[in-house]
Amino acid sequence: MTQTLRLNNGNEIPSIGIGTWKADRESVQEAVEYAVLEVGYRHIDCASIYGNQKEIGKAFRNIFKKIPREEVFITSKLWSNKHGTATENALKNTLSDLQIDYLDLYLIHWAIAFPVGEELEPLDENGIIQSANIPIQETWKEMENLVKKKLVKSIGVANFTTSSLVDLLSYAKIKPVTNQIELHPYNSQAELIDFMTYNDLVATAYSPLGTPGGIKDEDPILMQDDAVKKIAKKHKATEAQILLAWGMQRGTSVIPKSTNKKRISENFASTEISLNEDDIEVLDSLNANYRFVDPNGWWGIPYFS
Ligand code: A2P
């Protein structure tokens, strides 16, 4: 059994899951089957925008011949071009791709709606993302209906800032259970996590390894940080394991992506590492509010400012 975190509706989310962003279609099925059936992962994080849900669905078909569906926590996310009245159909397409009949958790992927249609990231003539007149409140109502229809067990959000959460909490009849955000020692977002904890929302950490290799050329490599290396050496662990242990020990659920069997196993073994207060203090001190994932570069809007 993996350790779990209790959500505000009584459901539980495993503290470690496997991420599938950038998991290519050729390798993701085998990786997910291996993670669940051979290693023991019980939490898979998906999203329609990742473009690989059909392949993950093939993995689920094989997995659920061997273990009960209820044993695995499956998350997916609503992309911004399917907000408002398009929400339910988008969810149904995701369920069909994943070959399952309910999700454990469905998230609004970003607090911005694009025009409803097939275009995933519609930019205007100036290279700025086009937004649609669909308030998050309308989409949230649709998300709540999915819970009532028992198509999803829990609902939540991703990439929401404090002000977006304040707004959402003002009208939500069914509270979000989580906000999935970029979290690692270079971007520890302690104040946002405090606010979420106060409001009984679990934080789910994406890019918990600092997306090694980076996204932009100038990105630093967190796993090569001397402080992280030193703590890893002391624990006879890998840098990745230290970063994941830090994430779990601060009460967040971590979802490292890997399609490599050795690293899938290595990441899961991070649950056995216990960092002491000094280690945690050192890792906490690395915060630089550094985001590897910032849509300013793709959408031309200062989303997080
Ligand atoms: P791979 O799939 O080849 O293992 P994040 O979740 O922070 O975005 O990190 C994902 C990236 O980190 C992927 O490129 C993944 O590559 C790599 N990765 C995952 N686990 C490890 C690990 N234990 N050691 C080194 N790199 C890893």
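Residues numbered from 1 in each chain as written. Predicted model: local features only at pLDDT ≥ 70, side-chain atom pairs only at ≥ 80, totals over all residues. Heavy atoms only, no water.

(A) View of the site of the ligand. In the vicinity of the ligand, 16 residues are found, and the nearest of them are Lys257, Ser258, Arg263, Glu266 and Asn267. Measuring from an oxygen atom of the ligand, one finds a backbone N or O atom of Leu209 at 2.9 Å. In the model, a nitrogen atom of the ligand is placed 2.8 Å from a nitrogen or oxygen of the Asn267 side chain. Among the elements that line the shell around the ligand, the one with the most residues is helix α9 (residues 261-268), at three residues. (Near = heavy atom within 4 Å. Polar contact = N/O pair within 3.5 Å; in protein donor to acceptor, adjacent residues only side chain to side chain. Helix = DSSP H or I, 4+ residues; strand = E, 2+ residues; numbered from the N terminus.)

(B) Region of interest: the pairing of strand β8 (residues 178-182). Among the five residues of β8, five are classified as buried, and the element is accordingly described as predominantly covered. Note that strand β7 (residues 152-158) and β8 share two bridges and pair parallel. Bridge pairing in β8 places Val157 opposite Asn179. Running through helix α5 (residues 162-171), the crossover from β7 to the neighbouring parallel element β8 is right-handed. Here five bridges tie β8 to strand β9 (residues 202-206), and the two strands are oriented parallel to one another. Residue pairing in the sheet places Glu182 in a bridge with Tyr206 of β9. For the segment spanning β8, helix α6 (residues 190-198) and β9, crossover handedness is right-handed. (Buried < 20%, exposed > 50% of the residue type's maximum accessible area, 1.4 Å probe, protein only. Pairing = 2+ DSSP bridges. Right-handed = clockwise from strand over helix to strand, strands pointing away.)

(C) Up close: the sheet that holds strand β3 (residues 18-19). Ordered in space as β3-β4-β5-β6-β7-β8-β9-β10, the eight strands form an open sheet in which the pairing is parallel. The strands lining the two open edges of the sheet, one partner per strand, are β3 and β10 (253-254). Alignment of strand β6 (residues 103-108) against β7, held across five bridges, turns out to be parallel. Within β7, the position partnered with Tyr106 by the bridge is Ile155.

(D) Spotlight on the nonpolar core. Grouped together as the largest cluster of nonpolar side chains are 82 residues, with contacts concentrated most on Phe60, Leu103, Tyr106, Trp140 and Val152. Looking at which element gives the most residues to this core, the answer is helix α8 (residues 239-249), with seven residues. Among residues more than four places away in sequence, those in contact with Trp140 are Ile108, Ile155, Gly156, Val157, Leu168, Tyr171, Ala172, Ile174, Lys175 and Pro176. In this structure, Ile13, Phe73, Leu107 and Ala158 belong to the second largest nonpolar core, which totals nine residues. (Core = buried A, V, L, I, M, F, W, Y, C linked by side-chain atoms within 4.5 Å. Contact = heavy atoms within 4.5 Å.)

(E) Summary view of a negative patch on the surface. On the surface, Glu277, Asp278, Glu281 and Asp284 cluster together into a negatively charged patch. On the secondary structure map, Asp284 appears in helix α10 (residues 277-284). Exposure remark for Asp284: the relative accessible area of 37% places this residue in the partly exposed category. (Patch = residues over 30% accessible without salt bridge, like charges linked within 9 Å, V, L, I, M, F, W, Y side chains within 5 Å. Areas by Shrake-Rupley, 256 points an atom, 1.4 Å probe, with all protein chains shown as cover. Salt bridge = Lys/Arg side-chain N within 4 Å of Asp/Glu carboxyl O. Lys, Arg positive; Asp, Glu negative; His and termini not counted. Charge placed at Lys NZ, Arg CZ, Asp CG, Glu CD.)

(F) Spatial organisation of the packing of aromatic side chains. Inspection of every chain in the model, using the stated rule, returns 11 aromatic pairs. Ring centres of Tyr290 and Phe292 lie 5.2 Å apart, and the angle between their planes is 70°; on these two criteria the pair is classed as edge-to-face. Taken together, a centroid distance of 6.2 Å and an interplanar angle of 75° make the contact between Trp298 and Trp299 edge-to-face. Of the residues examined, Trp299 reaches a relative accessible area of 0% and is grouped as buried. (Phe/Tyr/Trp six-rings, centres within 6.5 Å; stacked < 30°, edge-to-face > 60°.)

(G) Molecular detail of the side chain of Asn52. Residue position: Asn52 is located in the loop between β4 (43-45) and α2 (53-63). Judged by relative accessible area, Asn52 falls into the buried class, the value being 0%. At a separation of 2.9 Å, a polar atom in the side chain of Asn52 contacts the main-chain carbonyl oxygen of Ala23.

(H) Region of interest: the packing of helix α3 (residues 87-98) against helix α4 (residues 136-148). Between α3 and α4, the shortest axis-to-axis distance is 9 Å and the interhelical angle comes to 50°. Regarding the angle of α3 to α4, the classification is oblique. In contact with Thr87, Glu88 and Leu91 of α3, α4 contributes Thr139, Glu142, Met143 and Leu146. Among the residues making up the contact of α3 with α4, the classes are represented as three nonpolar, two polar and two charged. (Axes fitted to C-alpha atoms, helices over the stretch in contact; angles between N-to-C directions. Parallel < 35°, antiparallel > 145°, perpendicular 65-115°, else oblique. Nonpolar A, V, L, I, M, F, W, Y, C, P; charged D, E, K, R; others polar.)

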